[in-house]
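# Residue-level structure breakdown
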Amino acid sequence: MADTLTFSLVSPERSLASGSAKEVQIPGADGDLTAMAGHAPLITTLRPGLLHVSGPDGDDDYVVTGGFAEISAEGVTVLVERALHQKEMTQDIFNDWVKEAKEAHQAASGDAADSAAKLLADMVAVGGHIGLDSSQANL
Amino acid sequence: MPSLKDLKIRIESIKSTRKITKAMQMVAAAKLRRAQDAAENARPYAERFNAVLGQLAASVGGSDSAPKLLRGTGKDDVQLLVVMTAERGLCGGFNTNIVKLAKQKIAELKASGKTVKILTVGKKGREQLKREYADLFVGHVDLTEVKRIGYGNAQDIAKDLLGKFEDEEFDVCTIFYSEFVNVVSQVPTAQQIIPATFEAAEDGAEADGGVQYDYEPDEETILADLLPRGVATQIFAALLENAASEQGARMSAMDNATRNAGEMIDKLTIEYNRSRQAVITNELIEIISGAEAL
């Protein structure tokens, strides 16, 4: 069995990355998971988080939010509404994203409010991971 | 018979019109390429997305617990038509064709006693529909200020639609846009997006070699999460198709206009030369007959 799998990260506007990878860490809605070659076919939704790709040319991190990942034995396809390479992520963009999550949280009610709250918490947690300050736009 | 001076003025004015149409054609060609690239880039996402949604819908579809976006409200009494057109004119029959298709559908629905609501995207469609159906309007999305259509625009429209659907303002939503086939051919298309329909749902499952996916969380939760995004994806795809179609239509319309202007200039130039010749001949005859009379 090959020890690499194909990886592609696609947003609605363009394809952000594609190539081969040794392993891909995915922030699944029910918890993080790592996909390697030969993984059982799985489709999972994502929470806002860091997508970590270990490729032959080094590692890459992407900040992703909203979407799902499709894992098969040969490859991983991640479809997300928004994704940015960690290097491109700035405090301003992050503030915008948190602000949006916050507004969605305030507008939501009932069950939707719970999931919006989770989304917001996840979003804030991402900031902690990549060393951005989320306090400016905090709860 | 127009005088020489009149002819000259007309030729000059048509020449400057030709310059404008030529410039517009070239601008449209450049914009078309960009719009096509954008549509091209968006395709992988939409294709994968719909394939996965199709699979999910096929496996959950029949059950009563399926999300409302997939099942529908069980009625089709109130129909929302989202008519997407351009913000600008001068692009041949592009806007008119979309509006014509929409009007057909409106007439059909009205004839069968349904309530019709209209939401327009793009100024031109609103202007054309407002004349006849002003009372059916429930909203308008203005994209005049938008230079490049982004996913955010589609999300805003989708959010609006989903909100209205939640509030049970309509049962069925259909979008009207123009599908880009090639530069000379754009096909006005109607597509039902709520409740969601998947044409290739079963083909998709088979094309994957019958791989049975595990779902995390369960299928219904994923479906409930993805369906609203699916609406945005479809609207985004339609907006991009529309943008490419608009530029394609404008390009061929302006190409025609440029050619017509050229023909007109040729014709007028011949007429101009003829009348100039006639004036000269006339003068000669006068001189000669004057000389003879002496």
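Fair warning: this is a prediction, and the values are worked out from it, not measured in the lab. (Residues numbered from 1 in each chain as written. Chains lettered and ligands numbered in written order. Predicted model: local features only at pLDDT ≥ 70, side-chain atom pairs only at ≥ 80, totals over all residues.)

### Some details on the overall build of chain A
Where we set the bar: Under the scheme used here, helices are H or I runs from DSSP no shorter than 4 residues and strands are E runs no shorter than 2 residues, and both carry numbers assigned from the N terminus. Computation of the radius of gyration draws on C-alpha atoms alone. For the globule rule, the value is 2.2 Å times the number of residues to the power 0.38. Exposure criterion: with C-beta atoms placed from backbone coordinates, a residue whose C-beta has 20 or more other C-beta atoms within 10 Å is buried, one with 12 or fewer is exposed, and one in between is partly exposed. C-beta atoms are placed from the backbone for every residue, and two residues are taken to be in contact when these atoms lie within 7 Å.
Within chain A, the regular secondary structure consists of 2 helices and 8 strands. In sequence order, chain A lays out its α and β elements as β-β-β-β-β-β-β-β-α-α. Taken over the C-alpha trace, chain A has a radius of gyration of 15 Å; the compact-globule value for 139 residues is 14 Å, and the two agree within 12%. Summarising its shape, the C-alpha atoms of chain A cover approximately 50 × 30 × 25 Å along the three principal directions. The buried share of chain A, taken over its 139 residues, is 37%. Sequence-distant contacts in chain A: of pairs separated by 6 or more residues, those separated by 24 or more amount to 49%.

### Describing the UniProt feature "domain: ATP synthase F1 complex delta/epsilon subunit N-terminal" (unreviewed entry) in chain A
What counts here: UniProt positions are given in the numbering used here, feature names are shortened, and annotations may be inferred rather than shown by experiment.
As annotated in UniProt, the feature "domain: ATP synthase F1 complex delta/epsilon subunit N-terminal" (unreviewed entry) corresponds to residues 5-83 of chain A in the numbering used here. A helix fraction of 0% and a strand fraction of 75% characterise residues 5-83 of chain A, whose end C-alpha atoms lie 21 Å from each other.

### Looking at the domain arrangement of chain A
Residue and element names in this part refer to chain A. To be explicit about the condition: For the domains described, the bounds stem from an automatic or database domain assignment. Note on residue classes: Ala, Val, Leu, Ile, Met, Phe, Trp, Tyr, Cys and Pro are nonpolar, Asp, Glu, Lys and Arg are charged, and everything else, Gly too, is polar.
Under the domain assignment, chain A is made up of domain 1 (5-87) and domain 2 (89-137). Domain 1 and domain 2 are separated by 21 Å when their C-alpha centres are compared. Domain 1 puts 8 residues into the contact, and the matching count from domain 2 is 9 residues. Those elements that place two or more of their residues in the side of domain 1 that touches domain 2 are strand 6 (49-55) and strand 7 (58-71). Broken down by class, the residue content of the side of domain 1 that touches domain 2 amounts to 4 nonpolar, 3 polar and 1 charged.

### Description of the domain arrangement of chain B
Taken as a whole, chain B is organised into domain 1 (4-21 + 254-293) and domain 2 (30-250). Here domain 1 of chain B and domain 2 of chain B have C-alpha centroids that lie 53 Å from each other.

### Focus: the packing of helix 3 (residues 94-111) of chain B against helix 4 (residues 123-133) of chain B
Residue and element names in this part refer to chain B. Which entries qualify depends on this criterion: All axes here are fitted lines through C-alpha atoms, helices being fitted over the stretch that makes contact, and every angle between N-to-C directions spans 0 to 180 degrees. Crossings are classed by handedness, with left-handed meaning an anticlockwise turn of the near helix from the far one by less than a right angle and right-handed meaning a clockwise turn.
The geometry of helix 3 relative to helix 4 is characterised by a closest axis approach of 9 Å and an angle of 35° between their N-to-C directions. Seen from above, helix 3 lies across helix 4 with right-handed handedness. Here helix 3 contributes N95, I98, V99 and I106 to the contact with helix 4, which in turn contributes K124, G125, Q128, L129 and Y133. Split by residue class, the contact of helix 3 with helix 4 holds 5 nonpolar, 3 polar and 1 charged.

### Let's talk about unusual backbone geometry
A negative phi holds for most residues other than glycine; trans holds for most peptide bonds. Residues and elements named next belong to chain B. With an omega of -10°, the peptide bond between I194 and P195 qualifies as cis. Following E216, the chain continues to P217 via a peptide bond in cis, the omega torsion being -10°. Checked against the element boundaries, P217 lands in the loop between strand 6 (214-216) and helix 7 (219-293). One non-glycine residue, L90, adopts positive backbone phi at about 55°.

### Describing the packing of helix 5 (residues 151-166) of chain B against helix 7 of chain B
Residues and elements named next belong to chain B. We count it as follows: Oblique is the label for any angle not under 35 degrees, not over 145, and not in the 65 to 115 range, which are roughly parallel, roughly antiparallel and roughly perpendicular in turn.
Interaxial distance between helix 5 and helix 7 falls to 8 Å at its minimum, and their mutual angle equals 130°. For the element pair helix 5 / helix 7, the angle class is oblique. Two packed elements cross with a definite hand, and for helix 5 against helix 7 that hand is right-handed. Across the interface between the two elements, Y151, N153, A154, Q155, I157, A158, L161 and L162 from helix 5 touch P228, V231, A232, I235, F236 and L239 from helix 7. Looking at the contact of helix 5 with helix 7 residue by residue, the classes come out as 12 nonpolar, 2 polar and no charged.

### Considerations on the interface of chain A and chain B
In plain terms, the rule: Any two strands between which DSSP finds at least two bridges are classified as paired.
Listed by partner, the interface residues are 21 residues for chain A and 22 residues for chain B. Elements with a minimum of two residues in the side of chain A that touches chain B: strand 5 (42-45), strand 7 and strand 8 (75-85) of chain A. No other element matches strand 5 of chain A, which puts 4 residues into the side of chain A that touches chain B. Class assignment for the residues of the side of chain A that touches chain B results in 9 nonpolar, 7 polar and 5 charged. In this sheet, strand 6 of chain B lies alongside strand 5 of chain A in parallel orientation, the contact comprising 3 bridges. Within strand 6 of chain B, the position partnered with A:L42 by the bridge is B:D214.

### A short note on the pairing of strand 8 of chain A
Across a regular strand the side chains alternate sides, sitting on one face of the sheet and then on the other. Residue and element names in this part refer to chain A. Here strand 1 (residues 5-10) runs beside strand 8; their pairing, made up of 5 bridges, is parallel. When the sheet's bridge partners are listed, T6 is paired in strand 8 with G75. One ladder, built from 9 bridges, connects strand 7 with strand 8; its direction is antiparallel. Across the sheet, G67 pairs through a bridge with V80, a residue of strand 8.

### A word on the sheet that holds strand 5 (residues 185-194) of chain B
All names here are of chain B. With respect to topology, 5 strands assemble into an open sheet ordered 3-2-1-4-5, the strand pairing being mixed. The outermost strands of the open sheet, each flanked by one partner alone, are strand 3 (137-141) and strand 5. Going across the sheet, the axis of each strand differs from the next one's by a mean of 25°, ignoring polarity. Where strand 2 (residues 115-121) lies against strand 3, 4 bridges are found, and the strand directions are parallel. Among the inter-strand pairings, T120 is bridged to a residue of strand 3, identified as H140. Contacting strand 1 (78-84), strand 2 and strand 3, helix 4 runs over the sheet at an angle of about 155° to strand 2.

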